[in-house]
Amino acid sequence: MALLGELEINDWRASSGIGANSPDPYVQAYYSRSGGLPLAKAEGLAFVRQTDESGDGLNARCTYIIEGDTPGARLWTLYVLRNDAPMDAPEAAIPTALHSGSILRFSDGDFDIRIAPLPQPRNWLYAGASGPFALVLSLYDTAIASDTGLSELRMPEVKKLGCTNG
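The shown structure was predicted, so the numbers you read here are calculated from the model rather than taken from an experiment. Residue numbers restart at each chain and count upward from 1, following the sequence in its written direction. Totals for whole chains, interfaces and linings use every residue, but because this is a predicted model, local features are given only for residues with pLDDT of at least 70 and side-chain atom pairs only at 80 or more, for both listing and counting. Side-chain measures were taken over the full set of non-hydrogen atoms in the model, leaving aside hydrogen atoms and water.

The next subject is the overall build of the chain. Within the chain one finds one helix and eleven strands. Where helices and strands are cited, they refer to DSSP runs of H or I of at least four residues and of E of at least two residues respectively, numbered from the N terminus. When the helices and strands of the chain are read in sequence order from the N terminus, they spell out β-β-α-β-β-β-β-β-β-β-β-β. Here the term buried applies to any residue with accessible area under 20% of the maximum for its type, exposed to any over 50%, and partly exposed to those in between, with areas from a 1.4 Å probe on protein chains only. Taken over 166 residues, the chain has a buried fraction of 34%. In this description, accessible areas are obtained by the Shrake-Rupley approach with a 1.4 Å probe, and a residue is regarded as covered only by the protein chains that are shown. Within the structure as shown, the chain displays about 9500 Å² of accessible surface, and the carbon and sulfur contribution to it stands at 51%.

The structure is reproduced here in structure tokens:
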């Protein structure tokens, strides 16, 4: 269930008030503490996902597949969030973030991205070897916050494929 002022699509949650002219003081405190820079409403919207399709919390020792498409946007980014901060890649060649121009897509425009502790074919994100994490999907130059509801908005699904012991 979405909180007041929060937009929820398929368990992806965004606060449309974060980039407002008069944001909530708790939101201001969060961004001051984290050092993050919120998007203004006209710039886009950042969605956070902390669970898979079964409702289980995301854990880096598991392999997930993100499938589908995003609502219309000029550009989107997807990155791993650990301990309320973007995850730093342990090495330059290990991806902890992707963007809409860097992924392989199917002929219908949909995509799939695997999140796993070991490299995967096609589109792959590393979220660490173990422990909880979240995903942040930022949509830039999108009209989603002012959507009329005449068409159904699609967000990618996050499905667990399996987990390793340890």
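Here we take up the state of the cysteines. Any two cysteine sulfur atoms lying within 2.5 Å of each other are counted as a disulfide. Tallying each qualifying case throughout the model produces one disulfide. With its sulfur 1.9 Å from that of its partner, Cys62 forms a disulfide with Cys163. Here Cys62 and Cys163 share a disulfide; its torsion about the S-S bond, 95 degrees, makes the bridge right-handed. Taken as a pair, Cys62 in strand 4 (residues 62-68) and Cys163 in strand 11 (residues 157-163) lie far apart in primary sequence, 101 residues in all.

Our focus in this paragraph is the packing of aromatic side chains. Any Phe, Tyr or Trp ring, taking Trp's six-membered ring, that has another such ring centre within 6.5 Å forms a pair; planes under 30 degrees apart are called stacked, those over 60 apart edge-to-face, and the others tilted. One pass over the structure, following the stated rule, counts three aromatic pairs. Judged by centre distance (6.0 Å) and plane angle (75 degrees), the ring pair of Tyr64 and Phe133 falls under edge-to-face. Here the residue Tyr64 occupies a position in strand 4, and Phe133 occupies one in the loop between strand 9 (124-125) and strand 10 (134-140), the gap between them amounting to 69 residues. For Phe133, a relative accessible area of 5% translates into the label buried. Measuring from centroid to centroid gives 6.3 Å for Trp124 and Tyr126, while their planes differ by 65 degrees, and the two rings are edge-to-face. Looking at Tyr126, the relative accessible area reads 14%, which means it is buried.

What makes two strands pair is DSSP finding at least two bridges between them. As summarised here, the arrangement of the four strands in space is 9-8-4-11, forming an open sheet in which the pairing is mixed. Both edges of this open sheet fall to strand 9 and strand 11, since each of them pairs with a single strand only. Where strand 4 meets strand 8 (residues 111-115), five bridges bridge the pair, whose relative direction is antiparallel. Pairing of Gly68 across the sheet is with Phe111, part of strand 8.

Another aspect to go through is the side chain of Ser138. Mapped onto the fold, Ser138 is located in strand 10. Taking the relative accessible area as the measure of exposure, Ser138 reaches 4% and is therefore buried. Every residue in contact with Ser138, bar those within four places of it in the chain, is listed here: Leu45, Ala46, Leu75, Trp76, Thr77 and Tyr79. Throughout, a contact is declared for two residues whenever any of their heavy atoms are within 4.5 Å.

Here the focus is the pairing of strand 5 (residues 75-82). Note: strand 5 against strand 10, seven bridges, orientation antiparallel. Note on strand 10: the bridge partner recorded for Tyr79 is Val136. Of the strand pairs in this sheet, strand 5 and strand 7 (residues 97-99) are connected by three bridges, and their pairing is antiparallel. Bridge pairing in strand 7 links Tyr79 to Ala97. With two bridges connecting them, strand 5 and strand 6 (residues 85-86) associate as antiparallel partners. Looking at the pairing, Leu81 lines up with Pro86 of strand 6.

Grouping buried Ala, Val, Leu, Ile, Met, Phe, Trp, Tyr and Cys residues that are joined through side-chain atoms within 4.5 Å yields what is termed a nonpolar core. Ranked by internal contacts, the top residues of the largest apolar core, which has 30 residues, are Leu78, Phe133 and Leu135. For this core, the secondary-structure elements that each account for two or more residues are strand 2 (12-15), strand 3 (44-49), strand 4, strand 5, strand 8, strand 9 and strand 10. If we skip the residues at most four places from it in the chain, Leu78 touches Trp12, Ile66, Thr96, Ala97, Leu98, Ile113, Leu125, Leu135, Val136 and Leu137.

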